[in-house]
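# Secondary and tertiary structure notes
So the chains spell out like this:
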Amino acid sequence: MSGGLDRFQDGLDQAVVDQIHGWAADPELAKLYASLQAIRDREKFLDTYAEAMVARHLLSRDCSLRVEVLTPSGRTCDFEVGHGGERFFLHVKHLNTDRPVRKRLTVSSRLRYLERIARPYMVSVHLRDAMDDVRMQRFVMSAADFIQRARIGDELVVRGDDGVEIGGCRIVAPWRGERVILVLGLPTGFIDDAPRIRRLMRKAYQQFMPGATNVILICSSHVEDAEDFATALLGTHIERWDAQPPRGRRVAHGRDVDGFWHGKRSPGSLAAGWFHFMPQTSALKCRLWLRRESSIDPAMKQVLVDLFNGSGG
């Protein structure tokens, strides 16, 4: 009977699959190989295949790996990673977004009017397909009025005379520019995966190896999920009326208390990352966040940055 690597080979990079087959005799990697071969459910297979892609990434950077390392509480860490004399424990989680590939929207030049509004915000916009000029004009005028007075987190739904929704917009985050920048979303509306990502972070945190450096690495299939990851980790963007705004700004911005790293929450978590999960390729592009004012050793910090292409957060 064929194993999971054969059963779910459609959409996988064949060179990666061939390399994973070579792990069958490895004392540590054979555990991961056996798990992949035994799985009969595609979603569970992709969860484990994500771990395999991370293992391959680390091996290519001369790391040593131990797989499924038991903690004193009886839970397991996905990997114990050794590199350059440093050691850390890695917890990989796959977010299955279960949503279609984004459609390419035909954007009216009327939307550019919104980008001339002098407010320093990132605004997410979604529109119905095949919008005629009358409905587009209605949407733009409604959105412009909303953006002029809205705050971060506010959302607008625009409907036609028949009551049918024609689009919507949401104030997503502060923006370093002087004017609005638009982000085009799905015609079906906004999707916020931050709560689901936060649940995965909490699950990973329960699997931490005590007294050691632990890293959470979450992957998903959509580039825009990186923003949801940052929201889950640091907190929802909010306006801060209790803080001094930067020079030239009328309002200060910050993060809400819902972040996984808010205040003294999750004190054992000092580093977390996200990567774009593309099983059809061999690439693994990571982004790493390091907790500010953390006690992480400088040598360890450098190792994590080198391995996961990190940036401060």
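Residues numbered from 1 in each chain as written. Predicted model: local features only at pLDDT ≥ 70, side-chain atom pairs only at ≥ 80, totals over all residues. Heavy atoms only, no water.

### Overview of the overall build of the protein chain
The number of helices and strands found in the protein chain is eight helices and 13 strands. Sorting the 313 residues of the protein chain into buried and exposed places 48% on the buried side. Within the protein chain, counting contacts between residues at least 6 apart in sequence, those at least 24 apart form 65% of the total. When the accessible area of the protein chain is evaluated, it comes to approximately 16,100 Å², of which 47% is carbon and sulfur surface. (Helix = DSSP H or I, 4+ residues; strand = E, 2+ residues; numbered from the N terminus. Buried < 20%, exposed > 50% of the residue type's maximum accessible area, 1.4 Å probe, protein only. Contact = heavy atoms within 4.5 Å. Areas by Shrake-Rupley, 256 points an atom, 1.4 Å probe, with all protein chains shown as cover.)

### What to know about the confidence of the model for the protein chain
Predicted confidence across the protein chain gives a mean pLDDT of 85, with 85% of residues reaching 70 or more. The low-confidence segment residues 100-107 (pLDDT under 50) makes 13 contacts with residues lying over four places distant or belonging to another chain. When the criterion is pLDDT under 50, residues 240-245 qualifies, and its contacts beyond four places in sequence or with other chains add up to ten contacts. (pLDDT = per-residue confidence, 0-100.)

### As for the packing of aromatic side chains
Scanning all chains against the criterion turns up seven aromatic pairs. The interplanar angle of 75 degrees and the centroid separation of 6.3 Å between the aromatic rings of F88 and F308 together place this pair among those described as edge-to-face. Remark: F308 occurs in helix α8 (residues 298-308) and F88 occurs in strand β3 (residues 86-94); sequence separation between them is 220 residues. Looking at F308, the relative accessible area reads 1%, which means it is buried. A centroid spacing of 4.9 Å and a plane angle of 45 degrees characterise the contact between F229 and W289, whose relative ring orientation is tilted. Of the two residues, F229 is situated in helix α7 (residues 225-234) and W289 in strand β12 (residues 286-290); the sequence distance between them amounts to 60 residues. Owing to a relative accessible area of 0%, F229 belongs among the buried residues under this scheme. (Phe/Tyr/Trp six-rings, centres within 6.5 Å; stacked < 30°, edge-to-face > 60°.)

### What about the packing of helix α2 (residues 14-21) against helix α4 (residues 42-59)?
Contact geometry of α2 with α4 gives a least axis separation of 11 Å together with a crossing angle of 85 degrees. Put simply, α2 runs roughly perpendicular to α4. Facing V16, V17, Q19 and I20 of α2, the residues of α4 in contact are Y49, A52 and R56. Split by residue class, the contact of α2 with α4 holds five nonpolar, one polar and one charged. (Axes fitted to C-alpha atoms, helices over the stretch in contact; angles between N-to-C directions. Parallel < 35°, antiparallel > 145°, perpendicular 65-115°, else oblique. Nonpolar A, V, L, I, M, F, W, Y, C, P; charged D, E, K, R; others polar.)

### Some remarks on unusual backbone geometry
One non-glycine residue, D62, lies in the positive phi region at around 60 degrees. On the secondary structure map, D62 appears in the loop between α4 and β1 (64-70). The exposed category is assigned to D62, whose relative accessible area is 69%. Here E68, not a glycine, exhibits a phi torsion of approximately 55 degrees, which is positive. Of note, E68 is situated in strand β1.

### Some words on the pattern of salt bridges
Enumeration over the complete set of coordinates arrives at nine salt bridges. The partner of E80 in a salt bridge is R66, with the nearest N and O atoms 2.5 Å apart. Taken together, the positions of E80 in strand β2 (residues 76-83) and R66 in strand β1 put the pair 14 residues apart, joining distant regions of the chain. As a salt-bridge pair, R87 and E80 come within 3.3 Å of each other at their nearest N and O atoms. (Salt bridge = Lys/Arg side-chain N within 4 Å of Asp/Glu carboxyl O.)

### Focus on the side chain of T71
On the secondary structure map, T71 appears in the loop between β1 and β2. When neighbours within four sequence positions are excluded, T71 is seen to be in contact with C77, Q207, F208 and M209.

### A short note on the side chain of D78
In this structure, D78 sits in strand β2. Buried charge without a salt bridge: D78, with K93 as the nearest opposite-charge side chain at an N-O distance of 5.3 Å. Reaching out from D78, the side chain makes a polar contact with the backbone nitrogen of V92 at a distance of 2.7 Å. Apart from the residues within four sequence positions on either side, D78 is in contact with E51, R66, V67, E68, L90, H91 and V92. (Lys, Arg positive; Asp, Glu negative; His and termini not counted. Polar contact = N/O pair within 3.5 Å; in protein donor to acceptor, adjacent residues only side chain to side chain.)

### Notes on the nonpolar core
It is characteristic of soluble globular proteins that their nonpolar side chains tend to be buried jointly. By size, the foremost hydrophobic cluster in this structure holds 46 residues, and its most contacted members are Y49, F79, F88, L90, L304 and F308. Counting residues per element, this core draws most heavily on α4, which supplies nine residues. In this structure F88 touches F79, E80, V81, T213, V215, M300, V303, L304, L307 and F308, once residues within four positions along its chain are discounted. Among the nonpolar cores identified, the runner-up in size contains 24 residues, and L111, L127, V140 and I152 belong to it. (Core = buried A, V, L, I, M, F, W, Y, C linked by side-chain atoms within 4.5 Å.)

### Some details on the pairing of β2
Within β2, six of the eight residues are buried, leaving the element largely enclosed by the surrounding structure. Relative to β2, β1 is paired through six bridges, and the arrangement is antiparallel. Residue pairing in the sheet places V67 in a bridge with F79 of β2. Where β1 folds back on β2, the antiparallel hairpin that results is connected by five residues, among which G74 adopts a positive phi of roughly 95 degrees. In terms of strand pairing, β2 meets β3 through five bridges, oriented antiparallel. Across the sheet, E80 pairs through a bridge with F89, a residue of β3. (Pairing = 2+ DSSP bridges.)

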